[in-house]
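Fold and contact review
Listed here are the chains, written in short residue letters.
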Amino acid sequence: MAIEQDKPTTERRIHVLPIELLDRIRAYQSENNIPSEVEAVRRLLSEALQARDTIDDIMKQVRAYFRQDRDLRALAREVLSGHILVNRIDIEDSEVRFGMRNGDAGSIRRDGSMKTGSITDDGNVWLKSDWPRTPDRSAGGWDSPGNDLDKEIPF
């Protein structure tokens, strides 16, 4: 049986960029005292991609980290504290709650259960839905078991 090797964590790429964009990257690098242009580009790309994340994207990242390491403080540090959209983190013995700039919020408990909700302007986190969401079959949609259309056909 062949031993599966770990996937590489980096890959070399070459991209051609306009001079104006390179000047802006170099200015960012200099203003932030970043040692290399490559690191400046990495940070800019990471922030740009994080800015597109939704609550579901962040919850997936939280779940993936929790599957590897169940330490809630490490999870908060590694996944949430550096995320550009996360503006509040509450750490307790059995739970980590976080809020986002857009008003969404999430949590994970020591047992792995997760919830989503919202955060108010004054910083209160209201968690109302289990995550991941399950389809609501009680609403009586076409696929729901409560749909009586097929039980008896009147003709």
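These lines cover the structure that appears in this document, whether it is placed above or below.

**Things to note about the packing of helix α3 (residues 55-68) against helix α4 (residues 72-80)**
At a minimum axis distance of 10 Å, the contact between α3 and α4 shows a crossing angle of 135°. Here α3 is positioned oblique relative to α4, judged by the angle of their axes. Seen from above, α3 lies across α4 with right-handed handedness. In this structure, α3 contributes I58, Q61, V62, Y65 and F66 to the contact, and α4 contributes L72, A74, L75, E78, V79 and L80. Classifying every residue of the contact of α3 with α4 gives 9 nonpolar, 1 polar and 1 charged.

**Describing the nonpolar core**
Most often, soluble globular proteins have nonpolar side chains that are buried together. Judged by nonpolar contacts, the single largest core of 20 residues is most densely connected at I58, V62, L75, L80, F98 and I108. Listed by contribution, the elements that provide at least two residues to this core are α3, α4 and β2 (95-100). Excluding its chain neighbours within four sequence positions, the residues that come into contact with V62 are L75, V79, L80, F98, I108 and M114.

Reading guide: rules and limits
Residues numbered from 1 in each chain as written. Predicted model: local features only at pLDDT ≥ 70, side-chain atom pairs only at ≥ 80, totals over all residues. Heavy atoms only, no water. Axes fitted to C-alpha atoms, helices over the stretch in contact; angles between N-to-C directions. Helix = DSSP H or I, 4+ residues; strand = E, 2+ residues; numbered from the N terminus. Parallel < 35°, antiparallel > 145°, perpendicular 65-115°, else oblique. Left-handed = near helix turned anticlockwise from the far one by under 90°. Contact = heavy atoms within 4.5 Å. Nonpolar A, V, L, I, M, F, W, Y, C, P; charged D, E, K, R; others polar. Core = buried A, V, L, I, M, F, W, Y, C linked by side-chain atoms within 4.5 Å. Buried < 20%, exposed > 50% of the residue type's maximum accessible area, 1.4 Å probe, protein only.

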